[in-house]
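As a plain string of letters, each chain reads:
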Amino acid sequence: NHDNSMYHLSPVFTTMEIEVVRQFGKIFFGISSNRSTKEVDGALNPGGSSMTNTQALILARNEYFPHVKKQGWNLERDKPIAFTAVQQSSNLNSAAMMIGLGTDRLIKIPCNRQ
C-alpha cells in the first residue's frame, strides 16, 4: 500500500498522511486544522523524485492543457515544453515520455552554483 489508499493496509502511514496534509493546509493556505480533511486535499510522494517529477509534469499539463485528460494531445495545436537544468536526473526524461510530452520537448538549461 505504497500510496496509502487503504487504511487497513497501512493505518500508521494513512494517519500520518492525513495529518501532514492537514498541517500543510494550515501552514501554506491558512486552512484551520480542525476542518475536515475533505476541505484540504493532497498526497505524499513516498516514491521519491521519479514519482514526484511525473506528478509535477502531470499537474502542469492538466493546468495548461486541461483537454488532454479526455482528448489527448492535439498535435496541430498543442506545443508544450518544459524547462529543466542540464544536470537534471534521467527520471525527468522518463516522466516526459510517460505523459506524452517527449524528451525533445524538455529544454535543458545550463546552470551554475548561483
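Below is a short write-up of the structure.

**Re the overall build of the protein**
Within the protein one finds four helices and two strands. Secondary structure elements of the protein occur, N-terminal to C-terminal, as α-α-α-β-α-β. Looking at the protein as a whole, 24% of its 114 residues are labelled buried. A separation of at least 24 residues holds for 38% of the contacts in the protein among residues at least 6 apart in sequence. Element-wise, carbon and sulfur atoms account for 57% of the exposed surface of the protein, whose accessible area totals about 8,600 Å².

**What to know about the environment of Leu92**
Relative to the helices and strands, Leu92 is located in helix α4 (residues 91-98). With relative accessibility at 11%, the residue Leu92 sits in the buried group. Here the alpha-carbon distance between Leu92 and Thr103, two residues 11 residues apart in the chain, equals 8.6 Å. Those residues in contact with Leu92 that lie beyond four places of it in its chain are Asn53, Leu57, Thr84 and Leu106.

**Focus on the packing of aromatic side chains**
This model, assessed by the stated rule, comprises one aromatic pair. Centroid distance Phe65 to Trp73: 5.3 Å. Interplanar angle 65°. Geometry classified as edge-to-face. Of the residues examined, Trp73 reaches a relative accessible area of 22% and is grouped as partly exposed.

**Here's the deal with the environment of Pro80**
Mapping Pro80 onto the fold places it in the loop between α3 (68-71) and β1 (82-85). Measuring from C-alpha to C-alpha, the distance between Pro80 and Gly102 comes to 9.6 Å, with 22 residues separating the pair along the chain. When sequence neighbours within four positions are dropped, the list of residues in contact with Pro80 reads Phe65, Trp73, Leu101 and Arg105.

**Comments concerning the pattern of salt bridges**
Enumeration over the complete set of coordinates arrives at one salt bridge. The partner of Asp78 in a salt bridge is Arg77, with the nearest N and O atoms 3.6 Å apart.

**Structural notes on the nonpolar core**
The biggest cluster of nonpolar side chains holds eight residues, and these are Leu57, Ala82, Leu92, Ala95, Ala96, Ile99, Leu101 and Leu106. Setting aside residues up to four positions removed in sequence, Ile99 forms contacts with Leu57, Ile58, Arg61 and Trp73.

**Considerations on helix α1 (residues 11-29)**
For α1, with 19 residues, the first-to-last C-alpha span of 26 Å sits near the 27 Å given by 1.5 Å per residue. Buried within α1 we find Thr14, Glu17, Val21 and Gly25. Each buried residue of α1 lies within a common arc of 70° when the element is viewed along its axis, so the set occupies one face. Turned more than 90 degrees off the buried face of α1, the exposed positions are Val12 and Ile27.

**Looking at the pairing of β1**
Two faces belong to every sheet, and in a regular strand the side chains alternate between them. Judged by which residues are buried, β1 turns out to be one-sided: Ala82 and Thr84 face inward and are buried, whereas Phe83 and Ala85, on the alternate face, are not. Looking at chain direction, β1 and strand β2 (residues 106-109) are connected through four bridges and run parallel. Looking at β2, one finds that Ala85 is bridged to Ile109.

Conventions we followed
- Sequence order as written defines the numbering, with residues in each chain counted from 1.
- It should be noted that, the model being predicted, local features are given only for residues of pLDDT at least 70 and side-chain atom pairs only at 80 or more, the latter also being counted only at that level, while totals for whole chains, interfaces and linings use all residues.
- As a convention, hydrogens and water are excluded, and side-chain values are obtained from all of the structure's heavy atoms.
- The helix count covers DSSP runs of H or I at least four residues long, the strand count covers runs of E at least two residues long, and both are numbered beginning at the N terminus.
- Relative accessibility decides the category of a residue: with a 1.4 Å probe and only protein chains considered, values under 20% of the type maximum give buried, values over 50% give exposed, and everything between is partly exposed.
- Two residues form a contact once any of their heavy atoms are found within 4.5 Å.
- Only the protein chains shown count as covering a residue, and every accessible area follows the Shrake-Rupley method with a 1.4 Å probe.
- Two aromatic rings, drawn from Phe, Tyr or Trp (for Trp, its six-membered ring), form a pair once their centres lie within 6.5 Å of each other, and the interplanar angle then sorts them: stacked below 30 degrees, edge-to-face above 60, tilted otherwise.
- Any carboxyl oxygen of Asp or Glu within 4 Å of a side-chain nitrogen of Lys or Arg constitutes a salt bridge here.
- By nonpolar core we mean a set of buried residues, namely Ala, Val, Leu, Ile, Met, Phe, Trp, Tyr and Cys, connected to one another through side-chain atoms within 4.5 Å.
- How far a helix is expected to stretch is found by multiplying one less than its residue total by 1.5 Å.
- Working note: the arc is built from the helix axis to C-beta atom directions.
- Strand pairing follows a simple DSSP-based rule, namely that at least 2 bridges must link the two strands.

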